[in-house]
Amino acid sequence: MPYAWTAPTPESSELQLWPHNSLPPAGFASVVLGFFLMASIPLYWLIGTVVLWGLLPFVLAAVAGLNWALQRNFRDRRILEILTLSPDRVRLIRHNPRGAAQDWESNTYWVQVTCHEEGGPVPYYVTLKGHGREVEIGAFLSEDERKALFAELQDRLRSCAGT
């Protein structure tokens, strides 16, 4: 699962969430190189002709487009959410790929964890509500992971608040 709890202590525990990243840097290079090699195969029969120079820019543009799209996807997935639970405070910090971090804090006793099966941007949308605000957590996780996260958050909050 793309989230991990730190070892709980009587004072606090911390949850870190991040999106799946199925393409490592070595795979990224392999995909771009493989695409270039496969796209250039038809050009080998055109070496020495004027047609090669007409088609080569389109092949290079396709490779550049693939490279740009994969890099953009990699940058957009640099999201990190950190939830800190303590007996008196719950704090959620979301580090976005671009822009400032978002911060939310509330009293542990009043925090409610809600799982919206329908009506959210994704099925089984998990939110934390407290201190007059409702914030999402783990929207980038899969549906099964959000269900598991919801159950774990309820248990941890209940034990942390002492109810």
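Data block above holds the structure.
The rules behind these values
Residues numbered from 1 in each chain as written. Predicted model: local features only at pLDDT ≥ 70, side-chain atom pairs only at ≥ 80, totals over all residues. Heavy atoms only, no water. Pairing = 2+ DSSP bridges. Helix = DSSP H or I, 4+ residues; strand = E, 2+ residues; numbered from the N terminus. Axes fitted to C-alpha atoms, helices over the stretch in contact; angles between N-to-C directions. 1 Å grid on protein atoms, 1.4 Å probe; cavity = no way out; pocket = protein on both sides within 12 Å on 5 of 7 lines; lining within 4 Å. Points joined across faces, edges and corners; volume = space filled by probe spheres on them. Nonpolar A, V, L, I, M, F, W, Y, C, P; charged D, E, K, R; others polar. Phe/Tyr/Trp six-rings, centres within 6.5 Å; stacked < 30°, edge-to-face > 60°. Buried < 20%, exposed > 50% of the residue type's maximum accessible area, 1.4 Å probe, protein only. Lys NZ or Arg CZ within 6 Å of the ring centre and 35° of its normal. Contact = heavy atoms within 4.5 Å.

Engineer: Teacher, can you tell me more about the sheet that holds strand β2 (residues 13–17) here?
Structural biologist: Paired through their backbone hydrogen bonds, the strands of a sheet run either parallel or antiparallel. If you trace the 5 strands from one edge of the open sheet to the other, you get β1-β2-β3-β4-β5, paired in antiparallel fashion. If you trace the sheet from one side to the other, it starts and ends with β1 (3–5) and β5 (102–107), each paired once. For this sheet, the mean inter-axis angle between neighbouring strands, taken without regard to orientation, is 10 degrees. Pairing of strand β4 (residues 89–95) with β5, which is carried by 6 bridges, proceeds in the antiparallel orientation. Directly across from Arg 91, in β5, lies its bridge partner Glu 105.

Engineer: How should I be thinking about the layout of surface pockets in this particular structure?
Structural biologist: Where empty space is left becomes clear once a probe the size of a water molecule has been rolled over the atoms. Computed from the structure, the largest pocket encloses a volume of approximately 210 Å³. Considering the residues around the largest pocket, the lining is formed by His 20, Asn 21, Ser 22, Leu 23, Pro 24, Pro 25, Phe 28, Leu 70, Gln 71, Asn 73, Phe 74 and Arg 77. Where the lining of the largest pocket is concerned, the elements lending two or more residues are α1 (25–40) and α2 (50–76). No other element matches α2, which puts 4 residues into the lining of the largest pocket. Class assignment of the residues belonging to the lining of the largest pocket gives a composition of 6 nonpolar, 5 polar and 1 charged.

Engineer: What's the story with the packing of aromatic side chains in this structure? I'm lost.
Structural biologist: For any two aromatic rings, the description comes down to two numbers: the centre-to-centre distance and the angle of the planes. Per the stated rule, a full pass over the model turns up 1 aromatic pair. Judged by centre distance (4.9 Å) and plane angle (90 degrees), the ring pair of Tyr 109 and Trp 110 falls under edge-to-face. A relative accessible area of 60% means that Trp 110 is categorised as exposed. Sitting above the plane of the Tyr 124 ring, Lys 147 keeps its charged end 4.4 Å from the centroid. The ring of Trp 5 carries the charged tip of Arg 156 above its face, separated from the ring centre by 4.0 Å.

Engineer: Help me out: how do you make sense of the environment of Ile 82 in this one?
Structural biologist: Assignment of secondary structure puts Ile 82 in strand β3 (residues 80–85). With a relative accessible area of 15%, Ile 82 lands in the buried category. For Ile 82 and Arg 94, which are 12 residues apart along the polypeptide, the C-alpha to C-alpha distance reads 6.4 Å. Setting aside its immediate chain neighbours within four residues, Ile 82 contacts Glu 14, Leu 15, Gln 16, Arg 91, Leu 92, Ile 93 and His 95.

Engineer: Can you help me understand the sheet that holds strand β6 (residues 112–116) in this one?
Structural biologist: Spatially, the 3 strands line up as an open sheet ordered β6-β7-β8, and their pairing is antiparallel. Two strands in the sheet have a free side with no partner beyond their single neighbour: β6 and β8 (133–136). On average, each strand axis in the sheet is tilted by 30 degrees relative to the strand beside it, whichever way the strands run.

In short, geometric facts, not functional conclusions.
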